[in-house]
Amino acid sequence: MAEDMPLSDYLAQGGKLTSPANVPPRYRAELLKMMASFVDSSLAGAAGFADLINAGPGIKERIAAARIVLEKTDNADRVLRIMGEFGADTARYANHHPWTARLDRDADIGTRRGEHDMRLSVLNYPIDGWADAVVMNLLMGRAVVVHLGEMIHVSYQPLSEAFRTILPVETHHAELALEGVEHLLETEGKPPLQASVDYWWPRVAASFGTTTSQKFDTLKAMGLRHTPNVELRAKWETETDRTLDTLGLTSP
């Protein structure tokens, strides 16, 4: 950074920070919030799939589910280590935490977070069996890829690099889900899968937050956000609707 350039201008122009030592307090708070949301969402997502590994209809499906659990946990650990460099209490993640806690199936919390942690709202809803899990993973997997496509540009360089490593892993999870849905269409037929699409679509859509974020301009100036929620959601809707169409399924 140029000696005479204010930090705010440096960040607004696309500058990168590389160490907790040169991170201002407001930036630090927002960065930790972003990381906590990712870590909590990854651990909650892994916990949900861990309960369903043995529900897989075959060995291949169970291996895929176990791999997703392992890799989501590893992704969480990768970001958690960066949080630790900022002095965050990483020990709480090693202790008992209700990562498997879920609301009732018919609950509707919109974009609100739960009481226990910073996981995305969609990860507070329960999965109803193997087919429902695969459909949820298809929709949410594609949402995660869109989210990460935004997050790889974050202005804190170590986190940006971590997300670049995580992106192809999560992309593969979405690919595994697509394979799973294709197989289920052969064995289960469309009606139960369409019912799961109808259930999960609005809940996954809510993971993009409100369409008008009052904090967006502030976060953009810090280099922590670049694309508005409404644009990210539209990208997910377009791409996922196209995928569903190839499967003979439809978005609500």
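See the structure printed just above.
Remember, predicted model here, so these are calculated numbers, not experimental data.

S.K.: Report on the packing of helix α2 (residues 25-50) against helix α3 (residues 59-85), specifying residues and quantitative values.
M.R.: Think of two packed helices as two axes; the pair is described by the angle between the axes and how far apart they sit. Close contact between α2 and α3 brings their axes to 8 Å; oriented N to C, the two are set at 160°. Relative to α3, α2 is oriented roughly antiparallel. At the point where α2 passes α3, the crossing takes the left-handed sense. The residues of α3 that touch α2, namely those facing Leu-32, Met-35, Ala-36, Phe-38, Val-39, Ser-42, Leu-43, Gly-45, Ala-46, Phe-49 and Ala-50, are Ile-68, Val-69, Lys-72, Thr-73, Asn-75, Ala-76, Val-79, Leu-80, Ile-82 and Met-83. Residue composition of the contact of α2 with α3, grouped by class: 16 nonpolar, four polar and one charged.

S.K.: With reference to specific residues and values, describe the packing of aromatic side chains.
M.R.: The full count for this structure, using the stated rule, is six aromatic pairs. Relative to Phe-163, the ring of Phe-38 lies with its centre 5.2 Å away and its plane at 70°, an arrangement referred to as edge-to-face. With a gap of 125 residues between them, Phe-38 in helix α2 and Phe-163 in helix α6 (residues 157-187) connect regions that are remote in the sequence. When the centroid spacing of 4.9 Å and the interplanar angle of 90° are considered together, the rings of Tyr-199 and Trp-200 count as edge-to-face. You can call Trp-200 buried: its relative accessible area is 0%. Taken together, the ring pairs in this structure connect Tyr-125, Tyr-199 and Trp-200 into an aromatic cluster. Over the ring of Tyr-199 we find Arg-105, and its NZ or CZ is 3.7 Å from the ring centre. When the ring centre of Tyr-199 is taken as origin, the NZ or CZ atom of Arg-203, which lies over that ring, is 3.8 Å away.

S.K.: So what about the nonpolar core? Which residues, and what values?
M.R.: Within the largest apolar cluster, 76 residues are counted, with the highest numbers of intra-cluster contacts made by Tyr-27, Leu-31, Met-35, Tyr-156, Leu-159, Phe-163 and Trp-236. Secondary-structure elements contributing two or more residues to this core are α1 (7-12), α2, α3, α5 (130-151), α6, α7 (190-205), α8 (216-222) and α9 (229-247). If near-sequence neighbours (up to four positions away) are discounted, Tyr-27 is found in contact with Leu-11, Leu-17, Ser-155, Tyr-156, Met-222 and Leu-224.

S.K.: Describe α2, listing the residues and the values that go with them.
M.R.: The first and last C-alpha atoms of α2 sit 37 Å apart over 26 residues, in line with the 38 Å expected at 1.5 Å per residue. With 20 of its 26 residues buried, α2 lies for the most part within the structure.

S.K.: Any details on the pattern of salt bridges? Residues and values, ideally.
M.R.: Following the criterion strictly, the structure yields 12 salt bridges and no others. Among the ionic pairs, Glu-150 bridges to Arg-225, the shortest N-O distance being 3.0 Å. With Glu-150 in helix α5 and Arg-225 in the loop between α8 and α9, the pair connects residues that are 75 residues apart, well separated along the chain. Take Glu-150 and Arg-225: they sit in the same class, and that class is buried. Arg-233 is the salt-bridge partner of Glu-237, the closest N and O atoms lying 3.0 Å from each other. Remark: Arg-233 and Glu-237 occur in helix α9; sequence separation between them is four residues, near one turn of the helix. By relative accessible area, which is 29% here, Arg-233 ends up partly exposed. One network of salt bridges, in which partners are shared, links Arg-26, Glu-30, Lys-33 and Lys-215.

S.K.: Go over the environment of Ile-127, please, and point to the residues and values.
M.R.: With respect to the secondary-structure elements, Ile-127 resides in the loop between α4 (91-94) and α5. With 76 residues separating them in the primary sequence, Ile-127 and Asp-51 have C-alpha atoms 9.7 Å apart. In this view, Ile-127 contacts Leu-52, Arg-105, Asp-132, Ala-133 and Trp-200; residues no more than four positions away in its chain are not counted.

S.K.: Residues and numbers for a negative patch on the surface, please.
M.R.: Together, Glu-175, Glu-179, Glu-182 and Glu-186 give the surface a local cluster of negative charge. One can find Glu-179 in helix α6. Take Glu-179: its relative accessible area is 41%, and that puts it in the partly exposed class.

S.K.: Before we move on, could you go through the environment of Pro-191 and cite the residues and values that matter?
M.R.: With respect to the helices and strands, the residue Pro-191 is situated in helix α7. Taking the C-alpha atoms as reference, Pro-191 lies 9.2 Å from Leu-249; in sequence the two are 58 residues apart.

Cut-offs and rules
- Residues numbered from 1 in each chain as written.
- Predicted model: local features only at pLDDT ≥ 70, side-chain atom pairs only at ≥ 80, totals over all residues.
- Heavy atoms only, no water.
- Axes fitted to C-alpha atoms, helices over the stretch in contact; angles between N-to-C directions.
- Helix = DSSP H or I, 4+ residues; strand = E, 2+ residues; numbered from the N terminus.
- Parallel < 35°, antiparallel > 145°, perpendicular 65-115°, else oblique.
- Left-handed = near helix turned anticlockwise from the far one by under 90°.
- Contact = heavy atoms within 4.5 Å.
- Nonpolar A, V, L, I, M, F, W, Y, C, P; charged D, E, K, R; others polar.
- Phe/Tyr/Trp six-rings, centres within 6.5 Å; stacked < 30°, edge-to-face > 60°.
- Buried < 20%, exposed > 50% of the residue type's maximum accessible area, 1.4 Å probe, protein only.
- Lys NZ or Arg CZ within 6 Å of the ring centre and 35° of its normal.
- Core = buried A, V, L, I, M, F, W, Y, C linked by side-chain atoms within 4.5 Å.
- Expected span 1.5 Å × (residues − 1).
- Salt bridge = Lys/Arg side-chain N within 4 Å of Asp/Glu carboxyl O.
- Patch = residues over 30% accessible without salt bridge, like charges linked within 9 Å, V, L, I, M, F, W, Y side chains within 5 Å.
- Areas by Shrake-Rupley, 256 points an atom, 1.4 Å probe, with all protein chains shown as cover.
- Lys, Arg positive; Asp, Glu negative; His and termini not counted.
- Charge placed at Lys NZ, Arg CZ, Asp CG, Glu CD.

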